[in-house]
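# Remarks on the overall topology
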Amino acid sequence: MAEETENDNNLVPANDRIIPINIEDQMKSAYIDYSMSVIVSRALPDVRDGLKPVHRRVLFGMLDLGVTSGKPYKKSARIVGDVLGKYHPHGDSSVYDTMVRMAQEWSLRYPLVDGQGNYGSIDGDPPAAMRYTEARLKKIAEELLSDINKDTIDYQLNFDDTTEEPTVLPTRIPNLLVNGASGIAVGMATNMAPHNLSEVIDGIIAYIDNRDIEIAELMQHIKGPDFPTGAIIYGYAGVQEAFHTGRGRIVMRAKAEIETTKSGREQIIVTEIPYQVNKSDMIKRTADLVNEKKIEGISEIRDESDRRGMRIVYDIKRDANASIVLNNLYKHTALQTSFSVNNIALVHGRPMLLNLKDMIYHFVEHRHEVVIRRTKFELAEAEKRAHILEGLLIALDHLDEVIQLIRASATPEDARVGLIEKFGLSDIQARAILDMTLRRLTGLERDKIKEEYAELMKTIDYLKSVLEDEGLRMSIIKDELLEVKDKFGDERRSSIVHSAEDMRMEDFIEDEEIVITISHESYVKRTPLSEYRRQSRGGKGSLGTNTREEDFTEHIITASAHNYMLFFTETGRCFWLRAFEIPEGSRTSRGRAIQNIINIPKEEKIKAYIKVKNLKDQEYLENNFIIMCTKRGTIKKTSLEAYSRPRANGINAININEGDQLLEACLTDGSSEILMALKSGRAIRFNESTVRPMGRTATGVRGVTLAGPDDEVVGMISVNNPEVTVLVVSEKGYGKRTDIEDYRVTNRGGKGVKTINVTDKTGDLVAIKDVTNNDDLMIINKSGIVIRIAVSELRVMGRATQGVRLISLKGDDEIASVTKVEHEDDVINEENQGSNENTDENDTTDESTQSDN
């Protein structure tokens with residue numbers, strides 16, 4: 001085997017020109033070379049002029065061809081060919097596409113190329129071929145090339161070493177900030193937003209005046225990105241993050257308005273769309289979503305854009321809400337998109353992540369270097385000219401001798417040498433004297449030379465002072481920037497909507513008034529309040545819900561769809577739910593088991609609820625309290641803040657003793673008076689301040705003393721309005737209103753006073769409510785019948801009276817629940833007008849002579 005191997009090795013020919021290389025090392029070096037080439041020479045802009053090599057070459061090539069703003073247009077093919085042949089040895093499409101983009105007003109905030117012909121559209125239509133279109137530089141592009149011939153920048157050899165190209169442009173425009181940039185390199189990418197030129201210049205001047213300026217102070221001048229297509233920057237957090245760190249997500253929204261046509265139909269009119277959104281694709285995608293029923297409420301979409309501007313029309317169906325449709329368009333279509341800022345640019349040939357102040361710093365440093373180099377160039381030119389003029393002035397002062405010497409010389413060379421030796425001139429001065437025309441010898445021309453020399457000496461002194469004084473150089477930079485601002489500055493196009501929150505679910509839900517119904521068996525639903533009609537007192541009522549025989553509606557809650565609902569179970573646990581998250585059902589539907597919506601144990605029943613407007617407003621949370629009471633008369637007060645952090649599995653709201661259960665909970669501002677009513681017909685009134693705030697898990701203190709072992713609390717109200725009257729309702733359908741002042745204030749824990757005269761006819765007390773004439777009552781009995789009556793129909797009567805019949809009950813039916821709703825000026829339903837005959841006027845017997853015991 002060893003011999004065989006040796007023979008095999010001898011088969012390989014020895015060749016000194018073949019160098020063995022480790023393939024791993026070769027791949028590494030080749031790939032890193034390629035990566036650096038893409039990063040430095042293709043994909044990333046230079047921090048100084050904000051241009052990639054291809055953009056710089058196109059602009060320089062157009063200057064080289066002489067197609068400036070004041071000259072006639074030239075064919076694009078001619079420009080592209082020149083740039084390809086001299087500077088950019090890549091595909092012609094890459095150069096033409098670059099030039100086209102620099103001419104599109106929806107692509108660049110400040111276009112640099114003035115195009116003539118078809119340069120594409122915001123719908124994504126391609127431009128015409130380069131043989132058809134023409135171009136020249138815009139005036140603002142000339143500011144990027146200003147002073148390029150004054151040794152302000154470095155040049156490098158082109159790809160074939162036949163000519164030179166600039167490594168950077170001496171721009172007066174902070175182009176990186178005003179036009180932004182985007183590009184994908186190897187292992188990194190850049191995406192820089194455009195900004196308003198006037199704002200950027202104001203910010204740069206503020207930086208020059210104060211080098212220690214904070215980014216927050218710069219943002220007082222530079223408000224945020226300013227996109228070519230306008231639209232709205234929705235939210236400021238992303239802008240702040242991008243300015244401070246160089247990275248951030250900026251949400252953009254289309255500019256849309258809701259209009260009503262003469263026929264009463266609503267329309268959404270879009271006049272500006274987010275940056276880099278293809279209008280045609282967006283409309284097509286929206287139409288697909290409408291057809292797929294993912295967006296509802298739109299009957300037609302039309303693109304009415306023309307040369308005067310953009311106009312996209314969304315016709316809204318009659319039964320739809322335009323605001324809700326618009327929010328759904330923002331969520332599902334490109335009417336809302338985001339711009340992910342990633343400020344990576346080349347600084348001294350190396351990619352760096354830059355914040356706002358970094359970009360301004362590097363631009364100012366570049367301008368400073370340009371001003372120094374330009375000043376040195378102008379000083380050198382001025383000194384050259386002054387040197388020649390000094391020679392001419394010497395010649396004019398010795399004119400006769402100079403003429404005689406020239407005439408006596410055999411050759412120009414002899415004359416040149418003679419002038420140098422006799423008058424001590426330099427070679428340049430001697431040649432200038434020999435080249436001088438005879439007309440320069442006239443008195444007028446001699447005076448002109450002297451004036452020019454005097455002016456030149458002033459210029460030289462000024463240029464030297466500029467080189468010696470940095471403050472003067474900075475003043476020059478500021479003056480030139482202000483000049484640019486006067487020429488090209490304009491108004492901001494993108495408006496900023498401050499303090500906008502992220503898209504929330506409630507933005508897609510109409511904030512309507514609803515009725516939330518909870519049954520005895522914990523079935524829940526929400527129904528628009530408008531579905532319930534009000535009836536006269538004593539009416540038979542309308543069927544409110546279909547329930548099983550053993551079930552009945554226990555709670556009727558009126559709320560707004562955007563409210564938070566806090567549900568309290570009989571065991572003292574608290575659960576959260578947004579009102580709009582409750583499934584919608586018709587007035588007669590049964591609803592859905594609440595255990596299927598939130599994680600309430602099946603054996604627990606909802607006993608109380610609280611409507612809360614906001615769980616994020618700290619001041620609101622700290623200044624409001626939840627007061628809870630139990631059936632056995634315990635009361636507890638806790639800050640709302642303790643219940644402001646929703647948890648999926650709920651939290652313990654109150655510690656319940658054995659044999660007791662939570663009955664009621666209400667929201668107060670800390671200054672209310674509490675009334676607790678007992679099944680036995682008694683009630684107690686005391687100040688909320690007598691109950692100190694406690695922690696979430698506390699048990700509470702005694703609120704009222706029960707009349708006996710069978711007695712229990714049936715309800716609690718908190719009152720802080722003297723106009724409120726107290727309404728009590730008994731289980732046999734009797735009720736009455738009483739002035740709150742009829743209930744004297746006592747200490748908590750007492751037995752209270754009589755609130756209704758309980759008899760066999762009235763049955764036990766079942767409810768206590770605080771009402772005014774502006775309220776309506778919704779009463780429901782155990783068989784599911786609902787009646788709505790105006791509180792104003794009930795007269796105020798004494799505390800210990802029996803009251804009047806509120807609702808007619810059949811057989812052994814009893815009242816299950818009572819709630820109040822806002823009064824509506826509806827026409828009383830005529831079909832129930834005659835039902836008042838059920839009212840027993842004799843039931844108003846005043847029995848207030850009875851003692852309170």
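Nothing here was measured: the structure is a model prediction, and the numbers come from that model. The residue numbering used here restarts from 1 in each chain and proceeds along that chain's sequence as written. Where local features are concerned, this predicted model is filtered to residues with pLDDT of at least 70; where side-chain atom pairs are given and counted, the filter is 80 or more; whole-chain, interface and lining totals use all residues. Computation of side-chain values covers all heavy atoms of the structure but excludes hydrogens and water.

## Some remarks on the confidence of the model for the protein chain
Every residue gets a pLDDT, meaning the predictor's confidence in that residue, from 0 to 100. Scored by pLDDT, the protein chain has a mean of 85; 90% of the residues are at 70 or more. Of the regions scoring below 50 in pLDDT, residues 1-9 engages in zero contacts with residues more than four places distant in sequence or in other chains. For the stretch residues 825-853, pLDDT sits under 50, and the model shows 50 contacts to residues farther than four places along the chain or on other chains. The contact criterion used is simple: two residues touch if any of their non-hydrogen atoms lie within 4.5 Å.

## A short note on unusual backbone geometry
With a phi close to 55°, Asp151 is a non-glycine residue in the positive phi region. Relative to the helices and strands, Asp151 resides in the loop between helix 6 (139-145) and strand 4 (155-157). Note on exposure labels: buried denotes an accessible area under 20% of the residue type's maximum, exposed denotes more than 50%, and partly exposed covers the range between, all computed with a 1.4 Å probe on protein chains only. Among the residues examined, Asp151 registers a relative accessible area of 45% and is labelled partly exposed. Even without a glycine there, the phi angle at Ala231 is positive, about 65°. Positionally, Ala231 belongs in the loop between helix 9 (215-218) and strand 8 (232-234). Under the DSSP-based scheme used, a helix requires at least four consecutive residues in state H or I and a strand at least two consecutive residues in state E, with every element numbered from the N terminus.

## A word on the packing of helix 3 (residues 53-65) against helix 4 (residues 76-86)
The axes are straight lines fitted to the C-alpha atoms, using for helices just the contacting stretch, and the angles between their N-to-C directions are given from 0 to 180°. Remark: helix 3 packs on helix 4, axes separated minimally by 9 Å, with the N-to-C direction vectors making an angle of 110°. When the axes of helix 3 and helix 4 are compared, the pair comes out roughly perpendicular. As helix 3 packs across helix 4, the resulting crossing turns out to be right-handed. Of the residues in helix 4, those in contact with Arg57, Val58, Gly61, Met62, Asp64 and Leu65 of helix 3 are Arg78, Ile79, Asp82, Val83 and Lys86. Taken together, the residues of the contact of helix 3 with helix 4 break down into five nonpolar, one polar and five charged. What sets the label is the angle itself: under 35 degrees gives roughly parallel, over 145 gives roughly antiparallel, 65 to 115 gives roughly perpendicular, and the rest give oblique. Crossings are classed by handedness, with left-handed meaning an anticlockwise turn of the near helix from the far one by less than a right angle and right-handed meaning a clockwise turn. Only Asp, Glu, Lys and Arg are considered charged, only Ala, Val, Leu, Ile, Met, Phe, Trp, Tyr, Cys and Pro nonpolar, and every remaining residue, Gly among them, polar.

## What to know about the environment of Ile406
With respect to the helices and strands, the residue Ile406 is situated in helix 14 (residues 399-408). Judged by relative accessible area, Ile406 falls into the partly exposed class, the value being 32%. C-alpha of Ile406 to C-alpha of Leu434: the two residues are 28 residues apart in sequence and 8.4 Å apart in space.

## Examining the packing of aromatic side chains
For this analysis, a ring pair means two rings from Phe, Tyr or Trp (six-membered ring only for Trp) whose centres lie within 6.5 Å, classed as stacked if their planes differ by under 30 degrees, edge-to-face if by over 60, and tilted for the remaining angles. A full pass over the atoms with the stated rule returns seven aromatic pairs. A centroid spacing of 5.6 Å and a plane angle of 55° characterise the contact between Phe227 and Phe339, whose relative ring orientation is tilted. One end of the pair, Phe227, is in the loop between helix 9 and strand 8; the other, Phe339, is in strand 14 (residues 336-342), and 112 residues separate them in sequence. Taking the relative accessible area as the measure of exposure, Phe339 reaches 2% and is therefore buried. Each member of the aromatic cluster is reached from another via a ring pair, and the members are Phe60, Tyr87 and Tyr155. Charge over a ring is defined by NZ of Lys or CZ of Arg lying within 6 Å of the ring centre and within 35 degrees of the ring normal. The ring of Tyr73 carries Arg136 above its face, with NZ or CZ at 4.1 Å from the centroid. In this structure, Arg253 packs its charged tip against the face of Tyr330, placed 3.9 Å from the ring centre.

## A few points about the nonpolar core
For our purposes a nonpolar core is just a set of buried Ala, Val, Leu, Ile, Met, Phe, Trp, Tyr and Cys residues, chained together by side-chain atoms within 4.5 Å. If you look at the biggest cluster of nonpolar residues, it comprises 82 residues, and the most contacted ones within it are Leu59, Met62, Met99, Leu112, Leu197 and Ile360. Counting residues per element, this core draws most heavily on helix 8 (residues 197-209), at eight residues. Met62 has contacts with Val67, Ile79, Met99, Val113, Ala135, Arg136 and Leu137, leaving out every residue within four places of it along the chain.

## Notes on the UniProt feature "active site" (unreviewed entry) in the protein chain
UniProt positions are given in the numbering used here, feature names are shortened, and annotations may be inferred rather than shown by experiment. The feature "active site" (unreviewed entry), as given by UniProt, occupies Tyr132 in the numbering adopted here. Take Tyr132: it is sitting in the loop between strand 2 (113-116) and strand 3 (134-137). Note on Tyr132: relative accessible area 54%, which makes it exposed.

## Some thoughts on a negative patch on the surface
Together, Glu365, Glu468, Asp469 and Glu470 line one region of the surface with negative charge. Tracing the backbone through its elements, the reader meets Glu470 in helix 18 (residues 470-488). Within this analysis, patches are made of residues with over 30% relative accessible area and no salt bridge. Like charges are joined at 9 Å or less; nonpolar side chains (Val, Leu, Ile, Met, Phe, Trp, Tyr) at 5 Å or less. Accessible surface is estimated by sampling points in the Shrake-Rupley manner with a 1.4 Å probe; for residues, cover comes only from the protein chains shown. Salt bridges are identified by distance alone: a Lys or Arg side-chain nitrogen within 4 Å of an Asp or Glu carboxyl oxygen. Asp and Glu are treated as the negative residues and Lys and Arg as the positive ones, with His and the ends of the chain left uncounted. Working definition for charges: the position is that of NZ of Lys, CZ of Arg, CG of Asp or CD of Glu.

## Quick word on the pattern of salt bridges
Evaluated as defined, the whole model comprises 47 salt bridges. Taking the shortest distance from any N to any O, the salt bridge between Arg492 and Glu199 comes out at 3.0 Å. Remark: Glu199 occurs in helix 8 and Arg492 occurs in the loop between helix 18 and strand 17 (495-497); sequence separation between them is 293 residues. Relative accessible area serves as the criterion here: at 24%, Arg492 is assigned to the partly exposed category. On the accessibility criterion, Glu199 (12% relative accessible area) is buried. Lys384 is the salt-bridge partner of Glu381, the closest N and O atoms lying 3.5 Å from each other.

## Considerations on the pairing of strand 39 (residues 785-790)
With respect to burial, strand 39 is a largely interior element, five of its six residues being buried. With five bridges joining them, strand 38 (residues 775-781) and strand 39 adopt antiparallel strand pairing. Its bridge partner lying in strand 39, Ile779 is registered against Ile787. One bridge is not enough; two strands pair if DSSP finds at least two bridges between them. Taking the residues between adjacent antiparallel strands as the criterion, strand 38 and strand 39 are bridged by three residues, where Gly784 takes a positive phi near 95°.

## Quick word on the sheet that holds strand 10 (residues 255-260)
With antiparallel pairing, four strands are arranged side by side in an open sheet as 10-11-13-12. Two strands in the sheet have a free side with no partner beyond their single neighbour: strand 10 and strand 12 (298-303). Adjacent strand axes in the sheet meet at a mean angle of 20° when their direction is disregarded. Its contacts with the sheet place helix 11 (residues 279-291) against strand 12 and strand 13 (312-316), and it is angled at close to 165° to strand 12. The sheet contacts of helix 12 (residues 322-332) involve strand 10, strand 11 (266-272), strand 12 and strand 13, and relative to strand 11 the element is tilted by about 40°.

## Some details on the state of the cysteines
A pair of sulfur atoms, both from cysteines and within 2.5 Å, is called a disulfide here. Evaluation of the coordinates by the stated rule reveals zero disulfides. Note on Cys574: no disulfide assigned, nearest cysteine sulfur contributed by Cys666 at a separation of 14 Å. Given the relative accessible area of 0%, Cys574 is considered buried. Distance from the sulfur of Cys629, which forms no disulfide, to the nearest cysteine sulfur (Cys666) is 8.0 Å.

## Some words on the packing of helix 8 against helix 18
The geometry of helix 8 relative to helix 18 is characterised by a closest axis approach of 10 Å and an angle of 165° between their N-to-C directions. The angle between helix 8 and helix 18 places the two elements in the roughly antiparallel class. Of the two possible hands of crossing, helix 8 and helix 18 adopt the one that is left-handed. On helix 18, the residues that touch Leu197, Ser198, Ile201, Asp202, Ile204, Ile205, Ile208 and Asp209 of helix 8 are Met474, Ile477, Lys478, Leu481, Leu482, Val484, Lys485 and Phe488. In the contact of helix 8 with helix 18, the residues fall into eleven nonpolar, one polar and four charged.

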